[in-house]
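# Structural description and commentary
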Amino acid sequence: MPSFAGVVLAGGRSSRMGTPKAALEWHGSTLLRRTTGILGRVTGGRVVVVRAAGQPLPELPGSVTVVDDPREGRGPVQGIAAGLAALRGEADIAFITSTDMPFLHPAFVRRVLRTLEEDEATDVALPFARGYRQPLAAAYRVTLAEAAERLVKEDRLKPAFLFEQCAVAQLDDDALLSDPVLDALDPDLDSVVNVNTPEDYDAARTRRAPRISVQLFGTVAKSAAKAGGLDGPGSPFAVRAATVGEAAGAIGLVFDRHVTAALNGDQITRDPEVPLAAGDTLFFLSADAGG
């Protein structure tokens, strides 16, 4: 079975945004923190952030590796090359994305990765979603690092040049949505919506947070019920939240050292910035009981 990892291209200062996209606020966190968290949830392997040399980044978990572009301003192929090179010997396949896709859903990432997992003859799983190729929401074999590095040296800096040299499986909307989970949770393929302008960002921030299910157990359930009139232990209820901390706040729960969260029954965390996506189930319980 192949091993997976994630690569996020942090980008630099955008002339249209006026500030680095990576540091843009997103529900009390940042766009970069959200993107790395989504990839970390799915891949189970390392997540690499590729930045311009010396570029300041918002705070990230210790599990995230930061590497510098050897040369600034060389476009996405340079970032792809640097990210894949950092994963040599550690992973077989990487999902590569930019930092400015705030609605990237875990189900989308899984669907794209599965293409390479099931077809060893394919090098790139390239979504053609919402009418456009999505080279920065695609899966690449790590062995493509050498080809990408060679293209950078030749000043052939468009992803299309890389695709000419390998086997590409293009996934249109129908192919992507053949996955019933993705079809249910992201039917409009908002996963590939990016924010390129202040207007894009403002519009994205007006959207409601993902709808998730929350369940409480033990003393956490008793405390929350007393504070907010919630149902008893184990009773699920829906909230809108983009992070674990936002979900806790939505029910009046103080997410401190006494509380542990379990995401979808397996990922245990006490990090309030862990990102959530539509369809998630979040369990809160006493840290003494489950931490």
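Rules used in this analysis
- Residues numbered from 1 in each chain as written.
- Predicted model: local features only at pLDDT ≥ 70, side-chain atom pairs only at ≥ 80, totals over all residues.
- Heavy atoms only, no water.
- 1 Å grid on protein atoms, 1.4 Å probe; cavity = no way out; pocket = protein on both sides within 12 Å on 5 of 7 lines; lining within 4 Å.
- Points joined across faces, edges and corners; volume = space filled by probe spheres on them.
- Nonpolar A, V, L, I, M, F, W, Y, C, P; charged D, E, K, R; others polar.
- Domains from an automatic or database assignment.
- Helix = DSSP H or I, 4+ residues; strand = E, 2+ residues; numbered from the N terminus.
- Polar contact = N/O pair within 3.5 Å; in protein donor to acceptor, adjacent residues only side chain to side chain.
- Contact = heavy atoms within 4.5 Å.
- Salt bridge = Lys/Arg side-chain N within 4 Å of Asp/Glu carboxyl O.
- Buried < 20%, exposed > 50% of the residue type's maximum accessible area, 1.4 Å probe, protein only.
- Phe/Tyr/Trp six-rings, centres within 6.5 Å; stacked < 30°, edge-to-face > 60°.
- Lys NZ or Arg CZ within 6 Å of the ring centre and 35° of its normal.
- Buried area = accessible area lost by both parts, 1.4 Å probe.

On to the layout of surface pockets. Volume-wise, the second largest pocket comes out at about 390 Å³. Forming the boundary of the second largest pocket are 22 residues, of which Phe103, Asp190, Arg208, Pro210 and Ala278 lie nearest the centre. Here the lining of the second largest pocket is composed, by residue class, of 12 nonpolar, 2 polar and 8 charged. Here the lining of the second largest pocket spans two domains, since at least three of its residues come from each of domain 1 (4–204) and domain 2 (209–286).

To continue, consider the side chain of Arg34. As for its position among the elements, Arg34 is in helix H1 (residues 31–43). In this structure the side chain of Arg34 is engaged in a polar contact, spanning 2.9 Å, whose partner is the backbone oxygen of Pro102. The residues contacting Arg34, other than those within four sequence positions of it, are Trp26, Ser29, Pro102, Ala242, Pro275, Leu276 and Ala277.

To continue, consider the pattern of salt bridges. Inspection of every chain in the model, using the stated rule, returns 13 salt bridges. Across the pair Arg51 and Asp68 runs a salt bridge whose closest N-O atoms are separated by 2.7 Å. Pair noted here: Arg51 is in strand E4 (residues 47–51) and Asp68 is in strand E5 (residues 64–68), with a separation of 17 residues, a long-range link. Assessed through its relative accessible area of 22%, Arg51 is described here as partly exposed. According to the relative accessible area criterion, Asp68 is partly exposed, its value standing at 35%. A network of salt bridges, in which partner residues are shared, links Arg114, Glu118 and Asp179.

This part is about the packing of aromatic side chains. Per the counting criterion, the structure on display carries 5 aromatic pairs. Relative to Phe284, the ring of Phe255 has its centre 5.7 Å away and its plane inclined at 65 degrees; by these criteria the two rings are edge-to-face. Pair noted here: Phe255 is in the loop between helix H10 (244–250) and strand E13 (259–263) and Phe284 is in strand E15 (residues 281–286), with a separation of 29 residues, a long-range link. Phe284 carries the same exposure label as Phe255, and that label is buried. The lysine or arginine in question, Arg205, covers the ring of Trp26, its NZ or CZ lying 5.4 Å from the ring centre.

Let's shift gears to the domain arrangement of the protein. Its domain assignment divides the protein into domain 1 (4–204) and domain 2 (209–286). For domain 1 versus domain 2, the distance between C-alpha centres works out to 29 Å. On the domain 2 side, the residues contacting the 11 residues of domain 1 number 16 residues. Taken together, both faces of the contact between domain 1 and domain 2 bury some 1100 Å²; the carbon and sulfur share is 50%. Residues Asp271 and Arg33 are paired through a salt bridge, measuring 2.6 Å at the closest nitrogen-oxygen approach. In this assembly, domain 1 and domain 2 are joined by 8 residue pairs in polar contact (both at pLDDT 80 or more).

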